[in-house]
Amino acid sequence: MAEVSLRTIRKTYGSVTAVEEVSLDIARGELIVLLGPSGCGKSTTLRMVAGLETITSGTLLIGGRDVTSLEPKDRDIAMVFQNYALYPHKTIRANMTFGLKMRGVEPALAAERVEAAAEMLGITHLLDRKPRQLSGGQMQRVALGRALVRDPAVFLLDEPLSNLDAKLRVRMREEIALLQKRIGKAMIYVTHDQTEAMTLADRIVIMRDGRVQQIGAPLEVYDRPQNVFVAGFIGSPEMNLFQAEIAGGLVRLDGGATLPAPDGARDGRVVAGVRPEALELVDRGVPLSVRAVEQLGSQTLLVGGVGEMGMRVMLGRRDDIRAGATVHVSADPAAIHLFDPVTEERLPSASDAGDRSTRA
Amino acid sequence: MTTGSTGRRSPFASAAIYLAAAAIALYSAFPIYWMISSSLRPTQEMLTAPSLVPSRLTLQYYYSLLAQTDYPQQFLNSLVVALATVAITMVLSVMIAYGVTRQRIRGKKAIVAGMLYAYMFPPLLLAIPLYTMFALVGLNDTLLSLVISHLTMTMPLGVWFLWGFFKAMPFELEEAAMVDGCTRLGAFLRVVLPLSVPGLVTVAIFAFLLSWTDYTFALVMIGSDANKTVPLGLASMIGAFDLRWGDIMAGSTLIALPLFAAFVMLSRYFVQGLTAGAVKG
C-alpha cells in the first residue's frame, strides 16, 4: 500500500488555480522529487501535504488514513524548511526535542532519540549551542535532525539546500540520499534544481503552471521527455530544440540542415529535440558555426549556431576547436526526440515502443 | 562601524565625540538632577541661593505631599489607569498586529494605515469629542474614560510597532512549530511570543509612559479631585497665590520613579526592541 496518496488534489486561490489535480502514490522508502520552475505549484503541493495550505478539493491519505482536513500536527509528517526555521530562542537540543515534547514523548526517551539523531548527523557537539552560532550547513543538519527524531511516516523537504553554497549543496545532497535509504521512509523533496532531482529521486514529478507534466524515474524523464517543456527542463546544458519538418526519413531543420529521422517518424511539421551530449562530430552533417567554446574539464561544450538557430554540442574534451570554426555534427536517429508543434506533446517513435516493451 | 575606522580615528576626534556625548548627557540629566535635589532642599535655600549641591537635605516636602495632599490617591489613580492601559494595549495590539501580519484579511493595509492616521491627531482634537461621547453614556469623570482615551494613543503605537515586529519574524517558525505538534495558538504562544519579548517590552514601556505622563486627556476627562491623576494633581498645585516648588519637585520625583525602575529593569529588551523596529520600520 502506498504510504502517501494524493488523489486529484487541487488548490485554488479565488479564481486562480495554483495546483491542478495532482494524483500521486508514494511508496514506503521512496524519494519523490517535485521539480519545476518557481511558481509551478510544487511548494504549494508540498505544503498541502504538510497541512500548511488547505486542500481545495481532492483527498490526501498518509499511512492509509484520510488526513485531508487534519491539522499539520495530526498528519504524522516532519518538514524541513528552506530557511531551516530553527527556533532561535532554543538550543539545538531543545529545537530537536520540541516536537517530541509536544507529542508527549517521555523525556528520557526523547533525549535518547535526539542523541541518536545527532550522532547520525554528526552534530552532537552542537547540541548546546543556539542556532545563530551555527553555519548554514550545520543549521541544515539540525533541521534534518529535528525532522529525523520525530520518526514520521513521511518527510517533507522544501528546497532544503538552496541556501547553501554549491560545494556544500553537493555534499548535503549525498548525505540526504544516504540518510533516506538508511531510514527507509517516504520522502517528498521540492526543488527547482534539476541536478538535485536527477541525483536524488526515485521518481521525479515535473510540474509547470500547477500541472503535472510528467512523472517518472530520472532516466525515464531524461530519455523520454513527455513534452517540450520537460525536454527543455531536464538535462544540463538543456536540450537543443528546433522547428523542423519530417520528410523522406530526414528531419529537415528550418534553415536547411538535416538530421536523420528516428524510425517510424511520420512526415509533417515537428519540434525536434536533441541533447547536446547526443551530438557528435562527423565529416558531413549539420554545419555548426562555433561562437564560443566552454571548457568544463573532462568535457568541452560548443556554443554555436545553425543558421539562425542556436545549438549546443557537448563533446569529450577537445582542445583543438576554436571559436569561429565551423564543424559538422550529427546524432544517432534514436536520440532525436520529436514533439507535436501544436500540443508540444511527445510523438511516439519506434524506440519508445521498444523501450516500453523491455520495461514491461 | 568597523574596528578599522575606530582605530584610525585621531585622538582629537575621539575627544570631540566624548565631549559631545558628555554635553548631551549633561543636558538631559541635569534637569532630573535639579528636580531631585530641589525636592530635598529646604525652602529657604531653594528660593534664595540654590547651590549646585544642597548643603542640607530634608524630606519635608515628601512628608507634606504624602500626608497632607491627595497625592497618594492621585498616584494610585495614575497607576490604575496606566496599568489598565498597558494591559489592554498589550492584549489588543498583539492580537491585531498578529492578525494583520499572518491572516488574509481584507483591507488590512487600511487597518494599519488608519491606526497610524488616528495617531497623528493631537490628543486635544480627540479629547473633546471623546468627552462628549463619554458624557452621553455616563462615563465622564471616571478612570475608565481616561483609560479608553489613552488607548487612542497607545493602540496605534502598539499595533504599528508589533506589526513591524511580527512581519520580520519568518512565518516558517510557526509552521515548523505546527508541524512539530503545536496548534496555531500553541505555535504563537510557544514560539512567536517568546521571540517577541523585546517588542512587547518596548510597547509596554511606551504605553505606560504615554498614559502615566498624560495631562491633556486627564484635564478634559477628569473633573473631581478624587479621580485626578498625578500630572493633573501636580498642575493644580500651581495655585494662584502660592507656588509650592518643593512639593511639586517631590511629586515630580515620585512620578519619575516607576519609569526609572522600568527602564533600569528592562533596558536590555528595550534597546533590542527599538533597534528591531528601526531596522524593519
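Scroll up to find the structure.
These notes cover the structure that comes with them. Counting restarts for each chain: residues are numbered from 1 in the order of the written sequence. Here the convention is simple: chains get letters from A, ligands get numbers from 1, in the order in which they are written. Reporting of local features is limited, given that this is a predicted model, to residues whose pLDDT is at least 70; pairs of side-chain atoms are given and counted only at 80 or more, and all residues count toward the totals for whole chains, interfaces and linings. Based on all heavy atoms of the structure, the side-chain values leave hydrogens and waters out of the count.

### A closer look at the sheet that holds strand β17 (residues 309-316) of chain A
Strand pairing in a sheet relies on backbone hydrogen bonds. The paired strands run either parallel or antiparallel.
All names here are of chain A.
Link 1 in the chain: Think of it this way: DSSP has to see at least two bridges between two strands before they count as a pair. Labels follow the DSSP assignment, with helices taken as runs of H or I lasting at least four residues and strands as runs of E lasting at least two, numbered in each case from the N terminus. The strand order β17-β16-β15-β18 describes an open sheet built from four strands, whose pairing is antiparallel. One side of each edge strand has no neighbouring strand; the edge strands of this open sheet are β17 and β18 (326-331). Within the sheet, the average angular offset between the axes of one strand and its neighbour, ignoring direction, is 50 degrees.
Link 2 in the chain: Two elements, strand β15 (residues 279-295) and β18, share seven bridges in a ladder whose sense is antiparallel. Paired with Glu280 across the strands is Ser330, a residue of β18. Here, axes are lines fitted to C-alpha atoms. For helices the fit covers the stretch in contact, and angles between N-to-C directions go from 0 to 180 degrees.

### Concerning the nonpolar core
Link 1 in the chain: Leu6, Leu60, Ile62 and Leu156 of chain A are the most contacted members of the largest nonpolar core, which has 77 residues in total.
Link 2 in the chain: Per element, the largest residue contribution to this core is eight residues, and it comes from helix α5 (residues 71-102) of chain B.
Link 3 in the chain: Setting aside anything within four residues of it in sequence, one finds Ile62 of chain A in contact with Glu3, Val4, Val49, Val67, Arg75, Asp76, Ile77, Ala153 and Val154 of chain A.
Link 4 in the chain: What we call a nonpolar core is a set of buried Ala, Val, Leu, Ile, Met, Phe, Trp, Tyr and Cys residues that are connected through their side-chain atoms within 4.5 Å. Residue exposure (1.4 Å probe, protein chains only): buried if accessible area is under 20% of the type maximum, exposed if over 50%, otherwise partly exposed. Leu35, Val142, Tyr189 and Phe233 of chain A belong to the second-largest nonpolar core, a separate cluster that totals 46 residues. By definition in these notes, contact holds between two residues if any of their heavy atoms fall within 4.5 Å.

### Re the interface of chain A and chain B
Link 1 in the chain: With 22 residues of chain A in contact, the opposing surface of chain B contributes 17 residues.
Link 2 in the chain: A 1.4 Å probe defines the accessible area here, and the buried area is the portion of it lost by two parts on being joined, summed over both. Together, Lys73, His89 and Met102 of chain A form the three largest contributors to the area buried by chain A at its contact with chain B, with a combined 27%.
Link 3 in the chain: Whenever Lys or Arg places a side-chain nitrogen within 4 Å of a carboxyl oxygen from Asp or Glu, that contact is recorded as a salt bridge. Scanning the region where chain A abuts chain B turns up two salt bridges.
Link 4 in the chain: In this structure, Arg47 of chain A and Glu175 of chain B form a salt bridge, with 2.5 Å as the shortest nitrogen-oxygen distance.
Link 5 in the chain: Under this definition, polar contacts are N or O atom pairs within 3.5 Å; protein pairs additionally need one hydrogen-donor-capable and one acceptor-capable atom, and for neighbouring residues in sequence, both atoms have to be side-chain atoms. If you look at where chain A meets chain B, you find 10 residue pairs in polar contact (both at pLDDT 80 or more).
Link 6 in the chain: Contributions of two or more residues to the side of chain A that touches chain B are made by β6 (77-80), α2 (92-102) and α4 (136-150) of chain A.
Link 7 in the chain: By residue class, the composition of the side of chain A that touches chain B is 13 nonpolar, three polar and six charged. Three classes are used: nonpolar for Ala, Val, Leu, Ile, Met, Phe, Trp, Tyr, Cys and Pro, charged for Asp, Glu, Lys and Arg, and polar for all others, with Gly counted as polar.

### Section: the pattern of salt bridges
Link 1 in the chain: In total, this model carries 21 salt bridges over all chains according to the counting rule given.
Link 2 in the chain: Notably, a salt bridge pairs Arg10 of chain A with Glu20 of chain A, separated by 3.2 Å at the nearest N-O pair. Here Arg10 of chain A, found in strand β1 (residues 4-13), pairs with Glu20 of chain A, found in strand β2 (residues 16-26); they are 10 residues apart in sequence, far enough to count as distant.
Link 3 in the chain: We note a salt bridge from Arg141 of chain A to Glu175 of chain A, for which the minimum N-O separation is 2.6 Å. Remark: Glu175 of chain A occurs in helix α5 (residues 166-183) and Arg141 of chain A occurs in helix α4; sequence separation between them is 34 residues.
Link 4 in the chain: Overall, Glu175 of chain A belongs to the partly exposed group, its relative accessible area being 27%.
Link 5 in the chain: Linked by salt bridges that have partners in common, Lys11, Arg47 and Glu53 of chain A together with Glu175 of chain B make up one network.

### Observations regarding the sheet that holds strand β11 (residues 240-247) of chain A
Residue and element names in this part refer to chain A.
Link 1 in the chain: The strand order across the open sheet built from five strands is β13-β12-β11-β14-β19, with neighbouring strands paired in antiparallel fashion. Both outer strands of the open sheet, β13 (258-260) and β19 (336-339), are each paired with one neighbouring strand and no more. Along the sheet, successive strands turn relative to each other by an average axial angle of 40 degrees, direction set aside.
Link 2 in the chain: Direction of pairing for strand β12 (residues 250-253) relative to β13: antiparallel, over a ladder of three bridges. From the neighbouring strand, Arg252 faces β13, where its bridge partner is Thr258.

### Brief notes about the environment of Tyr215 of chain B
Residues and elements named next belong to chain B.
Link 1 in the chain: Structurally, Tyr215 can be placed in the loop between α11 (197-213) and α12 (216-221).
Link 2 in the chain: By relative accessible area, Tyr215 is classed as partly exposed at 36%.
Link 3 in the chain: Residues Tyr215 and Val230, 15 residues apart in the sequence, show an inter-C-alpha distance of 8.8 Å.

### What to know about the packing of helix α7 (residues 123-137) of chain B against helix α8 (residues 143-168) of chain B
Residues and elements named next belong to chain B.
Link 1 in the chain: At their nearest, the axes of α7 and α8 sit 11 Å apart, and the two run at 145 degrees to each other. Seen from above, α7 lies across α8 with right-handed handedness. Packed against α7, whose contacting residues are Pro123, Leu126, Leu130 and Phe134, the element α8 presents Ser145, Ile148, Ser149, Thr152 and Met153 at the interface.
Link 2 in the chain: For the contact of α7 with α8, the residue count by class is six nonpolar, three polar and no charged. A clockwise turn of the near helix away from the far one marks a right-handed crossing, whereas an anticlockwise turn of less than a right angle marks a left-handed crossing.

### Brief notes about the pairing of β15 of chain A
Looking down a regular strand, the side chains alternate between one sheet face and the other.
All names here are of chain A.
Link 1 in the chain: Alignment of β15 against strand β16 (residues 299-306), held across six bridges, turns out to be antiparallel. Across the sheet, residue Glu294 finds its bridge partner in β16, namely Leu301.
Link 2 in the chain: Taking the residues that link successive antiparallel strands as the turn, the β15-β16 hairpin has three residues, and the phi of Gly297 there is positive, at about 100 degrees.

Coordinates in, geometry out; function isn't part of it.
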